[in-house]
Amino acid sequence: MTHLSGFRSVRKLWTNIPYFELGPATSPVTFFLTVTRNQHRWFSVKTTSPANSKTMNLLVAKTRTLKKEDDNNRQVSSDHYFAAGAAKKRSYLNSSPEQQRDHAMPSVRGTIELPTTPLTSEAWDQLQAEFNGKGSFEDRVISQMLHNHSSIDVAKSLLAWVAAKNNGIVGYNLLVKYLYLCVSHKETSEVIDVYEILKAKYKCLESGANSILIRGLMHSDRWREALLLLEDIKKVMIPSKKNYDDCIRGALFHQDVSLAWSLYQELIGHNLTPLLETLKAFFDFGKNINDDHYSNKLLDILAYLRNNQLYPGEALAHSIKTWFESIPGKQWKGQFTTVQKSGHCSSCGRALESIHLSSEEYEFLKEKILRDVIDGGDQYKKTTPQELKRFENFVNSCPPFDIVIDGLNVAKMFPKSRESQALLSVVSQLAQQSLRLLVLGRKHMLRPSSRWKKEEMEQVRKQAYCFFADNISKDDPFLLYATLNSGNHCKFITQDLMRDHKACLPDAHTQRLFFKWQQGHQLAIMKCSQRSKLTFQHTLSYDTVVQTTGDSWHIPYDEDQVQRSSYEVPTKWLCLQRKTQAPALC
Ligand SMILES: [Zn+2]
């Protein structure tokens, strides 16, 4: 019986080795493996196909996804259409009970009962005999060990067993996953041992293994070697934001501040969005140093968040608060708070920046939308030039509208009533408020049918301007055109989130303007019953963005428990105020 539980490190498992320098880099290198009771094994690393790094990345992605799904428990603290988590909630409420049940119970098929202590070879043999899943048993086991964060010793007993039955050969894939497990346990000496093995075998590792090694080495004394691995990655690709995160955090951990900032610059220079953890590391480090240059760099990070419409998570928000409060002599005080519907901070009472676009921003956005979304290169996919011309002429012959309605979308909002009846109900209620309406529809809506009653459509046409496009056209470009063309006061009604259009826009700046405009102009119907009075979710009057007045900061942030989609904004804020000095008494 081979008993393996006594091992402390891989160095004992794969001891030193006269064979290290033998063989060219492509042939398997064999390592000497000492096992207790003086048994000897040959352990080696097998060359691998490029698919392995893919598997690894998938694995990493998978563990992240699982983590996200765990975070399902969330609360929505605000009720506007773009509130964080609102879309998820809407889709959940609309799904069937079966779907909800599926959602609650992830499948457990194909999992293996993992051992909690190191196993003997016989025990591994037995476990393998019971395994009836697809693919390689050891791959499945090591993957599941990663997912379950199993102990190093258990993983090591698996590797020793594999080596024993394969003439000392352990596949690259298995070894890299083992490395990953060591890194996740922060077993630095173990990481360094595997690093030596890999370095001896390969002149150059693929980026997946390099990334894991960087993470493992950054907190060791040999952290500068991790920077060389980063250089290796740069030879073939742009390093990931996680690579930079590891290196920056390692540099800060070893007090090399200028290296940390230059890596940060490089990261931004590649147009990568830094991880929030990276930014947090800078703020955390900042509370121990009193240096204006460093402080200004942190304020630059806040400006970066603003310009890119990014939001800190809870952890970063806390770090930002702590850093502000730690600045000597400035007397900053932070509060976690919310913003009232009126746009005033609940903590300090200040008004936040308005959601409304300036006239320059408005003109700029209008120009871009008209050119890129509606009249862009692929206009034939959405409409024909003839129809576009007909629509332009129509819009220009009408006075500006107050509300533009996506007729088909609104008609389908009330599943229990006839489409034309639902549309008429919405139009009549808005018309009573003396609003100038435009209803956009399709030609088929005018053909009398059980869903579209002729009399009701005539009523709609009496109360609103109407434009009926060809049945093949997409209506939302028309919706955007008519709304933007009517001016900044004009709003539109659709439940469509128009992500496609946002994606069509040429750059991040224009996309942000579009999203800001959308938040301020899109009306979403809340009451889904046709008889009740029409109510809309309130539109935001303030802009959810990092902002400052010099002696105050307001920073929206994401709560850990709320999963926010890209078209939603956070509802929680960090309010920072400088306590003004009380006037001296005379
Ligand atoms: Zn405030």
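None of these values were measured; they are calculated from a predicted model.

Engineer: Hey, could you run me through the sheet that holds strand 13 (residues 552-557) in this one?
Structural biologist: The strands that make up a sheet are held in pairs by hydrogen bonds between backbone atoms, and each pair lies either parallel or antiparallel. Spatial ordering of the open sheet is given by 5-14-13-12, a layout of four strands whose pairing is antiparallel. Two strands bound the open sheet, and with one partner strand each, they are strand 5 (332-337) and strand 12 (547-548). Judged from the two bridges that link them, strand 12 and strand 13 form a sheet pairing that is antiparallel. Bridging across to strand 13, Thr-548 finds its partner in Trp-553.

Engineer: Explanation requested: the sheet that holds strand 7 (residues 437-442) in the structure shown.
Structural biologist: Spatially, 8-7-6-9-10-11 is the arrangement adopted by the six strands of the open sheet, whose pairing is mixed. Two strands close off the open sheet at either side, each with one partner strand: strand 8 (465-469) and strand 11 (536-537). Direction of pairing for strand 10 (residues 522-525) relative to strand 11: antiparallel, over a ladder of two bridges. Within strand 11, the position partnered with Ala-524 by the bridge is Gln-537. Here helix 21 (residues 419-431) sits on the sheet in contact with strand 6 (403-406), strand 7, strand 9 (491-493), strand 10 and strand 11, set at roughly 165° to strand 7. Sheet contacts for helix 23 (residues 476-486): strand 6, strand 7, strand 8 and strand 9; angle to strand 6, the most-contacted strand, approximately 175°.

Engineer: So what exactly am I meant to see when it comes to the pattern of salt bridges here?
Structural biologist: Between side chains of opposite charge, pairing is possible as soon as their charged atoms come close. Scanning all chains against the criterion turns up 28 salt bridges. Taking the shortest distance from any N to any O, the salt bridge between Lys-333 and Glu-325 comes out at 3.5 Å. When its relative accessible area of 38% is taken as the criterion, Lys-333 is described as partly exposed. Given a relative accessible area of 31%, Glu-325 falls into the partly exposed group. Taken together, the shared-partner salt bridges in this structure form one network comprising Arg-215, Lys-242, Asp-245, Asp-246 and Arg-249.

Engineer: Any chance you could explain unusual backbone geometry here in plain terms?
Structural biologist: Comment: phi is negative for the bulk of residues other than glycine, and the bulk of peptide bonds are trans. In this model, Asn-271 sits at a positive phi of 65°, which is unusual for a non-glycine residue. In this structure, Asn-271 sits in the loop between helix 13 (257-269) and helix 14 (276-286). Classification of Asn-271 as exposed rests on a relative accessible area of 71%. With a phi angle near 45°, Gln-309 is a residue other than glycine that sits in the positive phi range. Relative to the helices and strands, Gln-309 is located in the loop between helix 15 (292-307) and helix 16 (314-326). A relative accessible area of 15% means that Gln-309 is categorised as buried.

Engineer: It is not clear to me how the packing of helix 21 against helix 22 (residues 454-463) should be interpreted in this structure. Could you clarify?
Structural biologist: Two packed helices can be described by the angle between their axes and the distance between those axes. Close contact between helix 21 and helix 22 brings their axes to 9 Å; oriented N to C, the two are set at 25°. If you check the angle between helix 21 and helix 22, you find them roughly parallel. At the point where helix 21 passes helix 22, the crossing takes the left-handed sense. Counted together, Ser-420, Gln-421, Leu-423, Leu-424, Val-427, Ser-428 and Ala-431 of helix 21 and Glu-456, Met-457, Gln-459, Val-460 and Gln-463 of helix 22 form the full contact between these two elements. Looking at side-chain class alone, the contact of helix 21 with helix 22 contains six nonpolar, five polar and one charged residues.

Engineer: Honestly, the confidence of the model for the chain in this entry has me stumped. Any pointers?
Structural biologist: Low-pLDDT stretches of the model should not have their predicted coordinates read in fine detail. Within the chain, residue pLDDT values average 80, and 78% of them lie at 70 or more. Put simply, strand 2 (residues 29-35) is where the chain has its lowest mean pLDDT, 30, and strand 13 is where it has its highest, 98. pLDDT under 50 marks residues 1-77. Its contacts with residues more than four places away, or in other chains, come to 150 contacts. Low pLDDT (under 50) marks residues 100-109, which in the prediction has six contacts with non-local residues, meaning those over four places away or in another chain.

Engineer: Is there a simple way to explain helix 7 (residues 152-165) in this structure?
Structural biologist: Because an α-helix completes one turn every 3.6 residues, residues spaced three or four positions apart along the sequence face the same direction. For helix 7, which comprises 14 residues, the first-to-last C-alpha distance of 20 Å matches the rise-based estimate of 20 Å (1.5 Å per residue) to within 8%. With eleven of 14 residues buried, helix 7 is to be regarded as a mostly interior element. Taken together, the buried positions of helix 7 are Ile-152, Val-154, Ala-155, Lys-156, Ser-157, Leu-158, Leu-159, Ala-160, Trp-161, Val-162 and Ala-163.

Engineer: Please explain the coordination of the zinc ion as it appears in this structure.
Structural biologist: The expected angle between donors at a tetrahedral four-coordinate metal is 109.5 degrees. At an octahedral six-coordinate metal it is 90 or 180 degrees. Around the zinc ion, the protein supplies Cys-345 (SG), Cys-348 (SG), His-554 (NE2) and Cys-575 (SG) as donor atoms, at distances of 2.1 to 2.3 Å. The coordination sphere of the zinc ion comprises four donor atoms, whose angles at the metal cover 105 to 113°; the geometry is tetrahedral. Along the chain, the residues donating to the zinc ion are arranged with the sequence spacing C-x2-C-x205-H-x20-C. Of the two residues, Cys-345 sits in the loop between strand 5 and helix 17 (359-374) while His-554 sits in strand 13, which places them 209 residues apart along the sequence. Look at His-554 and you get buried, because its relative accessible area is 4%.

Engineer: Mind showing me how you'd approach empty space enclosed by the protein here?
Structural biologist: To find leftover empty space, a probe the size of one water molecule is rolled over the atoms. One pass over the structure, following the stated rule, counts two cavities of 30 Å³ or more. Here the largest cavity defines a volume of roughly 50 Å³. Together, His-80, Tyr-81, Phe-82, Gln-519, Gln-522, Leu-523, Ala-524, Gln-537, His-538, Thr-539 and Leu-540 line the largest cavity. With three residues, the top contributor of residues to the lining of the largest cavity is strand 10.

Engineer: Explain the packing of aromatic side chains to me, please; I cannot follow it from the model alone.
Structural biologist: Centre distance and the angle of the planes are the two values used to describe a pair of aromatic rings. Taken as a whole and assessed by the stated rule, the structure comprises 24 aromatic pairs. Here the aromatic rings of Phe-514 and Trp-517 are separated by 6.0 Å at their centres, their planes lie at 40°, and the arrangement is tilted. Note that Phe-514 and Trp-517 are positioned in helix 25 (residues 508-521) at a spacing of three residues, about one turn of the helix. Each member of the pair Phe-514 and Trp-517 is classed as buried. Three or more aromatic residues link up through ring pairs in this structure, and these residues are Trp-261, Tyr-264, Phe-282, Phe-285 and Tyr-294. Just above the ring of Trp-161 sits the side chain of Lys-165; from NZ or CZ to the centre is 4.2 Å.

Parameters and conventions
Residues numbered from 1 in each chain as written. Predicted model: local features only at pLDDT ≥ 70, side-chain atom pairs only at ≥ 80, totals over all residues. Heavy atoms only, no water. Pairing = 2+ DSSP bridges. Helix = DSSP H or I, 4+ residues; strand = E, 2+ residues; numbered from the N terminus. Contact = heavy atoms within 4.5 Å. Axes fitted to C-alpha atoms, helices over the stretch in contact; angles between N-to-C directions. Salt bridge = Lys/Arg side-chain N within 4 Å of Asp/Glu carboxyl O. Buried < 20%, exposed > 50% of the residue type's maximum accessible area, 1.4 Å probe, protein only. Parallel < 35°, antiparallel > 145°, perpendicular 65-115°, else oblique. Left-handed = near helix turned anticlockwise from the far one by under 90°. Nonpolar A, V, L, I, M, F, W, Y, C, P; charged D, E, K, R; others polar. pLDDT = per-residue confidence, 0-100. Expected span 1.5 Å × (residues − 1). Donors = N, O, S within 2.8 Å, 3.2 Å for Na, K, Ca; no water. Tetrahedral: all angles 85-135°; square planar, octahedral: opposite > 155°, others 65-115°. 1 Å grid on protein atoms, 1.4 Å probe; cavity = no way out; pocket = protein on both sides within 12 Å on 5 of 7 lines; lining within 4 Å. Points joined across faces, edges and corners; volume = space filled by probe spheres on them. Phe/Tyr/Trp six-rings, centres within 6.5 Å; stacked < 30°, edge-to-face > 60°. Lys NZ or Arg CZ within 6 Å of the ring centre and 35° of its normal.

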